[in-house]
Amino acid sequence: GNSVTQMEGPVTLSEEAFLTINCTYTATGYPSLFWYVQYPGEGLQLLLKATKADDKGSNKGFEATYRKETTSFHLEKGSVQVSDSAVYFCALLTGANNLFFGTGTRLTVIP
Amino acid sequence: SQTIHQWPATLVQPVGSPLSLECTVEGTSNPNLYWYRQAAGRGLQLLFYSVGIGQISSEVPQNLSASRPQDRQFILSSKKLLLSDSGFYLCAWSVTRTGGGYGYTFGSGTRLTVV
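Residues numbered from 1 in each chain as written. Chains lettered and ligands numbered in written order. Predicted model: local features only at pLDDT ≥ 70, side-chain atom pairs only at ≥ 80, totals over all residues. Heavy atoms only, no water.

Further remarks concern the layout of surface pockets. Approximately 280 Å³ is the volume found for the second largest pocket. As for the second largest pocket, its lining consists of 14 residues, and the residues nearest its centre are A:Phe100, A:Phe101, B:Leu44, B:Gln45 and B:Leu46. Partitioned by chemical class, the residues of the lining of the second largest pocket number 7 nonpolar, 5 polar and 2 charged. (1 Å grid on protein atoms, 1.4 Å probe; cavity = no way out; pocket = protein on both sides within 12 Å on 5 of 7 lines; lining within 4 Å. Points joined across faces, edges and corners; volume = space filled by probe spheres on them. Nonpolar A, V, L, I, M, F, W, Y, C, P; charged D, E, K, R; others polar.)

Here it is in structure tokens:
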């Protein structure tokens, strides 16, 4: 079956710290992979995506690389800011076109 | 530009009462529409999707139903709410059922608390 496993939160970091949020997946076929972000009081927004193996998605200083060999799509940012505080969801889109989400990881960045 | 509206933002309803959540999309035609739910401590779960007017597919059996009376309107309903229906409900749309690798666009969500 299809599933996404995401590191449990909450994650609390100081400003300018390095961020990694782990995400691994199980899927049949070759899914597309996404990171969505939900800022406080808002809906989900697409943060970045990768549609095939070895692709790197990037946006707003965040990066994630589609690793087929380890079935992973870890989210990284070199220097987080207070404004990055949000809930981050890893997701995969299957060939049958359903979007499967992880449980979300809440990130809090403190000044 | 395309926008998606979802309301209400929060809702507190007693057990056994009916439910109607509405979602509308602007700036696009014939979108694929989705209802997701996030229960406490769990990921987002696809409840319903629709590829056209009057076409509804259910992903999980439950106390809820969905309808699409117009091209850009998607409604989530229940005749009698259960405590287990509490959660965060998100409407989303995509250009095609394939998603095209572009992902989905989500509304701002409705937090439903059944008491």
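What follows is about the nonpolar core. Residue and element names in this part refer to chain A. In this structure, Trp 35, Leu 47, Leu 48, Phe 73, Leu 75 and Tyr 88 are the most contacted members of the largest nonpolar core, which totals 26 residues. Among the elements of the structure, strand S2 (11-14), strand S3 (19-21), strand S4 (23-26), strand S5 (32-38), strand S6 (44-50), strand S8 (62-65), strand S10 (86-93) and strand S12 (105-110) are those that each provide at least two residues to this core. Of all the elements, S10 adds the most residues to this core, at 4 residues. When sequence neighbours within four positions are dropped, the list of residues in contact with Phe 73 reads Cys 23, Leu 33, Phe 34, Trp 35, Leu 48, Lys 49, Ala 50, Ala 64, Thr 65, Tyr 66 and Cys 90. (Core = buried A, V, L, I, M, F, W, Y, C linked by side-chain atoms within 4.5 Å. Buried < 20%, exposed > 50% of the residue type's maximum accessible area, 1.4 Å probe, protein only. Helix = DSSP H or I, 4+ residues; strand = E, 2+ residues; numbered from the N terminus. Contact = heavy atoms within 4.5 Å.)

Bringing the state of the cysteines into the picture now. All names here are of chain A. Evaluation of the coordinates by the stated rule reveals 2 disulfides over all chains. Two residues, Cys 23 and Cys 90, share a disulfide whose sulfurs are 1.9 Å apart. The disulfide joining Cys 23 to Cys 90 has a torsion of about -70° about its S-S bond and is therefore left-handed. You can see Cys 23 sitting in strand S4 and its partner Cys 90 sitting in strand S10, a full 67 residues away along the chain. (Disulfide = S-S within 2.5 Å.)

In this section: the sheet that holds S8(A). Residues and elements named next belong to chain A. Read across the sheet, 4 strands follow the order S3-S9-S8-S7 without closing on themselves; strand pairing throughout is antiparallel. In this open sheet, the two strands that pair with only one neighbour each are S3 and strand S7 (56-59). Strand-to-strand twist in this sheet, taken as the mean axis angle between neighbours without regard to direction, amounts to 15°. In this structure, S3 lies alongside strand S9 (residues 75-77), joined through 3 bridges in antiparallel fashion. (Pairing = 2+ DSSP bridges. Axes fitted to C-alpha atoms, helices over the stretch in contact; angles between N-to-C directions.)

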